Amino acid sequence: MENSQQTALVVKELSCSRDERLLFSGLNFTLMPGQVLLLEGSNGSGKTTLLRVLCGFRDADAGDISWCGDQIDESSYYADMAYVGHADGTKKELTVLENLRFALALNMPGHYSIQQALEKVQLAGYDDNSVQTLSAGQKRRLSLARLLITHNILWILDEPFTSLDRQGIELIETLMVAHVEQGGMVILTSHHDLTIPHMSLQRIHLDSLDS
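### Focus on the overall build of the protein chain
Within the protein chain, the secondary structure is distributed over 6 helices and 9 strands. What you see for the protein chain is a C-alpha radius of gyration of 17 Å, in line with the 17 Å of a compact globule of 211 residues. With the principal axes as the frame, the protein chain shows a C-alpha extent of 50 × 35 × 30 Å. In the protein chain, which comprises 211 residues, the share counted as buried stands at 50%. Partitioning the intrachain contacts of the protein chain with sequence separation of at least 6 by distance along the chain shows that 71% fall at a separation of at least 24. In the form shown here, the protein chain has an accessible surface area of approximately 10,100 Å², with 47% of it arising from carbon and sulfur atoms. Across the protein chain, the centroid of the 16 positively charged side chains sits 5 Å from that of the 27 negatively charged ones.

### Some words on the sheet that holds strand β8 (residues 185-189)
Paired through their backbone hydrogen bonds, the strands of a sheet run either parallel or antiparallel. An order of β6-β7-β8-β3-β9 is seen for the 5 strands of this open sheet, with the pairing classed as parallel. This sheet does not close on itself; its edge strands, each paired only once, are β6 (81-84) and β9 (201-205). For this sheet, the mean inter-axis angle between neighbouring strands, taken without regard to orientation, is 15 degrees. As paired elements, β6 and strand β7 (residues 154-158) share 4 bridges and run parallel to each other.

### Regarding the state of the cysteines
Within this structure, the stated rule accounts for 0 disulfides. Of all cysteine sulfurs, the one in Cys16 lies closest to Cys55, which takes part in no disulfide; the gap is 13 Å. Given the relative accessible area of 6%, Cys55 is considered buried. Cys55 supplies the cysteine sulfur nearest to Cys68, a cysteine that is in no disulfide, at a spacing of 16 Å.

### Considering the sheet that holds strand β2 (residues 21-31)
Across the sheet, 4 strands lie side by side as β2-β1-β4-β5; this open sheet has antiparallel pairing. Only two strands of the sheet have a single neighbouring strand rather than two, namely β2 and β5 (70-71). Two strands pair when backbone bridges link them, and strand β4 (residues 62-67) and β5 are joined in this way by 2 bridges, in the antiparallel orientation. Across the sheet, Ser66 pairs through a bridge with Gln71, a residue of β5.

### Overview of the side chain of Asp127
Secondary-structure assignment places Asp127 in the loop between α4 (114-120) and α5 (136-149). At 2.6 Å, the side chain of Asp127 forms a polar contact with the side chain of Gln115. Excluding residues that lie within four positions of it along the chain, Asp127 makes contacts with Thr95, Val96, Leu97, Gln115 and Leu118.

### A look at the nonpolar core
Within soluble globular proteins, side chains that are nonpolar generally end up buried alongside one another. Membership of the largest hydrophobic core comes to 36 residues, with the highest contact counts inside it found for Val36, Val121, Leu157, Met176, Val186, Leu188 and Leu194. For this core, the secondary-structure elements that each account for two or more residues are β3 (36-40), β6, α3 (96-105), α4, α5, β7, α6 (166-181) and β8. A per-element tally of this core places α6 first, with 7 residues. Ignoring anything within four residues of it in the chain, the contact list for Val121 reads Arg141, Leu144, Ala145, Leu148, Leu171 and Leu175. Formed by 29 residues, the second largest nonpolar core is a distinct cluster that contains Leu39, Tyr77, Ile153 and Leu209.

### Focus: unusual backbone geometry
Here Glu20, not a glycine, exhibits a phi torsion of approximately 65 degrees, which is positive. Along the chain, the position of Glu20 falls in the loop between β1 (9-18) and β2. Residue classification places Glu20 among the exposed positions, given a relative accessible area of 84%. Of note in this structure, Glu159 is not a glycine but carries a positive phi near 50 degrees. Its place among the elements puts Glu159 in the loop between β7 and α6.

### Focus on the packing of α3 against α5
At a closest axis distance of 10 Å, the pairing of α3 and α5 adopts a crossing angle of 35 degrees. Regarding α3 and α5, the two cross each other, and that crossing is right-handed. Packed against α3, whose contacting residues are Val96, Asn99, Leu100, Ala103 and Leu104, the element α5 presents Leu142, Ala145, Arg146 and Ile149 at the interface. Tallied by class, residues from the contact of α3 with α5 come to 7 nonpolar, 1 polar and 1 charged.

Rules and cut-offs
- Residues numbered from 1 in each chain as written.
- Predicted model: local features only at pLDDT ≥ 70, side-chain atom pairs only at ≥ 80, totals over all residues.
- Heavy atoms only, no water.
- Helix = DSSP H or I, 4+ residues; strand = E, 2+ residues; numbered from the N terminus.
- Rg over C-alpha atoms; globule rule 2.2 N^0.38 Å.
- Buried < 20%, exposed > 50% of the residue type's maximum accessible area, 1.4 Å probe, protein only.
- Contact = heavy atoms within 4.5 Å.
- Areas by Shrake-Rupley, 256 points an atom, 1.4 Å probe, with all protein chains shown as cover.
- Lys, Arg positive; Asp, Glu negative; His and termini not counted.
- Charge placed at Lys NZ, Arg CZ, Asp CG, Glu CD.
- Pairing = 2+ DSSP bridges.
- Axes fitted to C-alpha atoms, helices over the stretch in contact; angles between N-to-C directions.
- Disulfide = S-S within 2.5 Å.
- Polar contact = N/O pair within 3.5 Å; in protein donor to acceptor, adjacent residues only side chain to side chain.
- Core = buried A, V, L, I, M, F, W, Y, C linked by side-chain atoms within 4.5 Å.
- Left-handed = near helix turned anticlockwise from the far one by under 90°.
- Nonpolar A, V, L, I, M, F, W, Y, C, P; charged D, E, K, R; others polar.

Right, dumping it as structure tokens:
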């Protein structure tokens, strides 16, 4: 991972509206290596919108976002960040193995080989299965395997526990803890009450930022 003295995501006075309705304003936070940020709020409070802004999918109405001291568009931010959203981001016509090889071809290798990642997310033996034959939970696990095989400091996860059973939820929490212990960073939305070390967890409740 990057030197923790140089790596930080800093958000200042961020504001966003949708359909002429203010979602949140004056949002400020700093995320450092070894930290998890949980975004909370009611449906429609702007959690997914904020993640889309952080991923560069849409612009904020106001505010500033920097990475390692530089504006995100002028830094390595997009190469250092990985996003898993509501859609699994997999190519359904390809096999499990082909999907992971495709992801690896576009990114720097991470801490795990493809086979190690498949074992970690409990998909070992599914290499040649077409993604369209997988269950919703297995597709979610495949998305997590992509995170493990690529080198991304910052994980941005939108409701990552969707479609997972208790075992799958515990698996994601374990992977998140391992990631931050290695100097990684995580931003996520979730209705699930996280059971990870509180020292690494920040919370922002967006309902309190709509005025």
